[in-house]
Amino acid sequence: MRALFVDANDTLAAVTEKLLRADSLPVGINRNPAITPGDLPGLLDGVEIMIVDHTAVPTAIAAKCPALKHVVFLGTGARSYMNPEELGQRGISVHTIKGYGDTAVAECAIALMWASAKSFGEMDRGMREGNWLRRDALQLTGKTLGLIGFGGIAAEAARMALGCGMKVIAWNRSPKTHAGVEFVSLEKLLADSHVVSLHLLLNEETKGFLSRERITQMRPGAILINTARGAVVDEDAMCDALRSGHIAHAGLDVFTVEPLPPGHPLTKLPNVTLSAHSAFRTPEASDNLIGAALDHCRRIMANGR
């Protein structure tokens, strides 16, 4: 069996090469992150395992890759790029990678929380334009952070927030316990949290989860952080709440459409801090990610699944 990393950027290509040096795995690297789905059939001629970072894999395109049996997606959000059930019906298994960047993404969520609370982005933009722009800040010590969804990333974010002297509450779809964290109803979390941070996987149940109705249930003047997936939030409703001040500030690493289109309403709102879906981009997370992807390839080649 052969594998191909179809859309490697320079950073992930270098990590892959580094980890392959002491290994005889038949894994190729296509150093072109700008490929389109239409390029996949030509790239995957005779290749059984595709490693993919960010390229969409429509089922109709996968059908044109007769050798393809496995897709190793570099992350957890494969549904944003493909339909795993449809691929499964065609005999193509989709493998995702969890936990590789829990600390990196949690650090990003906490960093966006601090930047939002202090309006650093807005002041920075103003000062670069020659304006001595001053904004009042929210003191986070003693305030409540509400985590919606509680997996590995949220657990890391809780650890960091507790170390900053914050109270941490959480809601999860299945019962959980965690030291220092109080698990509450979703309604109580939205009403009580000074900061709401989203940590949900995107699927049919969570698409639009933070709806217009739920946004109105948030504490007035709260901060919203999203390092999960853009589609878990009603983006239009969030923009309306930012304009009205019901949400004081949003720190966002993910968006419904990526890359964020020029002139998007979020780029015009002063009370938003934006980052380009980069929460996971640390050397440590990249090593974990590619190492796990190669482990998937190793297992598939050894066991056929």
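This text gives an overview of the structure that appears in the document.

Reading the values: rules and limits
Residues numbered from 1 in each chain as written. Predicted model: local features only at pLDDT ≥ 70, side-chain atom pairs only at ≥ 80, totals over all residues. Heavy atoms only, no water. Pairing = 2+ DSSP bridges. Helix = DSSP H or I, 4+ residues; strand = E, 2+ residues; numbered from the N terminus. Axes fitted to C-alpha atoms, helices over the stretch in contact; angles between N-to-C directions. Contact = heavy atoms within 4.5 Å. Salt bridge = Lys/Arg side-chain N within 4 Å of Asp/Glu carboxyl O. Buried < 20%, exposed > 50% of the residue type's maximum accessible area, 1.4 Å probe, protein only. Arc of directions from axis to C-beta. Polar contact = N/O pair within 3.5 Å; in protein donor to acceptor, adjacent residues only side chain to side chain.

1. Topic: the sheet that holds strand 7 (residues 167-171)
Thought 1: As summarised here, the arrangement of the seven strands in space is 8-7-6-9-10-11-12, forming an open sheet in which the pairing is parallel. What marks the edges here is a single partner per strand, and that holds for strand 8 (181-183) and strand 12 (272-274). Across the sheet, the mean angle separating the axes of adjacent strands is 20 degrees when strand polarity is ignored.
Thought 2: Pairing of strand 9 (residues 195-198) with strand 10 (residues 222-226) involves four bridges; the strand directions are parallel. Directly across from Leu 198, in strand 10, lies its bridge partner Asn 226.
Thought 3: Its contacts with the sheet put helix 5 (residues 102-118) on strand 6 (144-148), strand 9, strand 10, strand 11 (247-252) and strand 12, and the angle it makes with strand 10 is roughly 150 degrees.
Thought 4: Strands strand 10, strand 11 and strand 12 of the sheet are contacted by helix 10 (residues 235-244), whose axis makes an angle of about 135 degrees with strand 11.

2. Details of the pattern of salt bridges
Thought 1: Scanning the entire structure with this criterion turns up 13 salt bridges.
Thought 2: With a shortest N-O distance of 3.0 Å, Arg 135 and Glu 122 are connected by a salt bridge. On the criterion of sequence distance, the pair formed by Arg 135 in the loop between helix 6 (120-128) and strand 6 and Glu 122 in helix 6 is long-range, its members being 13 residues apart.
Thought 3: For Arg 135, a relative accessible area of 38% puts it in the partly exposed group.
Thought 4: Taken together, the shared-partner salt bridges in this structure form one network comprising Asp 10, Glu 17 and Arg 31.

3. Let's talk about helix 6
Residue pairs three or four apart in sequence face the same way in an α-helix, which turns once every 3.6 residues.
Thought 1: Within the sequence span of helix 6, burial applies to Gly 121, Glu 122, Met 123 and Gly 126.
Thought 2: For helix 6, the elements touching its buried residues are helix 5.
Thought 3: Taken from the residues just after helix 6, Gly 130 is the one with a positive phi, measuring 90 degrees.

4. Digging into helix 1 (residues 10-20)
Thought 1: Within helix 1, burial applies to Leu 12, Ala 13, Val 15, Thr 16 and Leu 20. Considered in projection along helix 1, the buried side chains sweep an arc of 165 degrees and stay on one side of the axis.
Thought 2: On its buried side, helix 1 packs onto strand 1 (3-5), strand 2 (27-29) and helix 11 (283-303).
Thought 3: Capping of helix 1 at its N-terminal end is provided by Asn 9; its side-chain oxygen lies 3.1 Å from the backbone amide nitrogen of Thr 11.

5. Topic: the side chain of Asn 226
Thought 1: Within the secondary structure, Asn 226 sits in strand 10.
Thought 2: A distance of 3.1 Å separates a polar side-chain atom of Asn 226 from the backbone oxygen of Arg 229.
Thought 3: In this structure, Asn 226 is in contact with Leu 198, Val 232, Val 233, Gly 251, Leu 252, Asp 253 and Val 254, ignoring residues within four places of it in sequence.

6. What to know about the environment of Asn 83
Thought 1: When you line up the elements, Asn 83 lands in the loop between strand 4 (70-73) and helix 4 (84-89).
Thought 2: Separated by 24 residues in the primary sequence, Asn 83 and Thr 59 have C-alpha atoms spaced 7.0 Å apart.
Thought 3: Reaching out from Asn 83, the side chain makes a polar contact with the backbone nitrogen of Glu 86 at a distance of 3.0 Å.

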